[in-house]
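# A look at the structure
The chain contents come next:
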Amino acid sequence: MSIFERIGTILRANLNDLLSRAEDPEKIINQTLMDMRQAQYEARMEVAQAIAEGKKLERDHSESTKAAEGWLAKAESALKAEREDLAREALRRKGASGDLAAGLAEQLAAHNASVEKLKTQLRALDAKIGEAERKRQLLIARGRRAEAQRSLNDAMARTDTRGAFEAFDRMERKIAGVEDRLAAEEELEQDLSLDDDFAALEEDGAVDD
């Protein structure tokens, strides 16, 4: 698998999906960004290597072209010296160098097209990493909110609210019963006190009579 195939796999990873499935979304997001940065570094090294190979092809093409020109000049010199045999050999070598230069030119054109494609992919990767960096804090905040909500839901599920309210109702009825008894005792106490007052009044009346 090439580096850019690996990059494609990383870029296809859905961080939102990771948030819902991961035990620790923050660690997953950070690890994914680390993987993307590592892929970015490797991609840069691959592009740099491709550029270096292109420069070598350019140099080889230039040297082959100059060699062909040099052999042509030697053939002309040999003809001037009436050395037809040397001129023929120089022309053969000039043809070989020219063929090599032409082949290198084709390779160089194809290589430059490939390098441009790699550069485009690298720029796309840089943009994706920049976007992921910007989304990182937002995604982490969403993950933390989701975790807090899940914890709250779990706590609510563990709490028997129905039983708790039934207990409150029982306590309310018990307290109301105690209050009723206290009110009855107070009322009875008032009735007894009133009877005593009337009895005292009758006694005082008898004394007055």
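Residues numbered from 1 in each chain as written. Predicted model: local features only at pLDDT ≥ 70, side-chain atom pairs only at ≥ 80, totals over all residues. Heavy atoms only, no water.

### A closer look at the overall build of the protein
Worth spelling out the cut-off: Here a helix means four or more residues in a row that DSSP labels H or I, a strand means two or more in a row labelled E, and each is numbered from the N terminus. A simple rule labels every residue: compare its accessible area, found with a 1.4 Å probe on the protein chains alone, to the largest value its type can have, and call it buried under 20%, exposed over 50%, or partly exposed in between. We call two residues in contact when some of their heavy atoms are within 4.5 Å. Here, Shrake-Rupley sampling with a 1.4 Å probe gives the accessible areas, and only protein chains in the shown set may cover a residue.
A count of helical and extended segments in the protein gives five helices and zero strands. Across the 209 residues that make up the protein, the buried fraction comes to 20%. Once local pairs closer than 6 in sequence are excluded, the contacts in the protein between residues at least 24 apart make up 82%. A total accessible area of about 15,600 Å² is found for the protein, and carbon and sulfur atoms account for 53% of it.

### Focus: the confidence of the model for the protein
Test applied: Each residue carries a pLDDT value, the predictor's own confidence for that position, ranging from 0 to 100.
With 73% of its residues at a pLDDT of 70 or more, the protein has an overall mean of 78. Confidence, expressed as mean pLDDT per element, reaches its minimum in the protein at helix α2 (residues 15-21) with 52 and its maximum at helix α3 (residues 25-80) with 87.

### Looking at the nonpolar core
The cut-off we apply is this: By convention a nonpolar core is built from buried Ala, Val, Leu, Ile, Met, Phe, Trp, Tyr and Cys residues, the set being connected through side-chain atoms within 4.5 Å.
Of all hydrophobic cores here, the largest spans 14 residues; its most connected members are I29, L33, M36, L122 and L125. Listing elements by their share of this core, those giving two or more residues are α3 and α4 (84-158). In terms of residue count, the dominant contributor to this core is α4 (eight residues).

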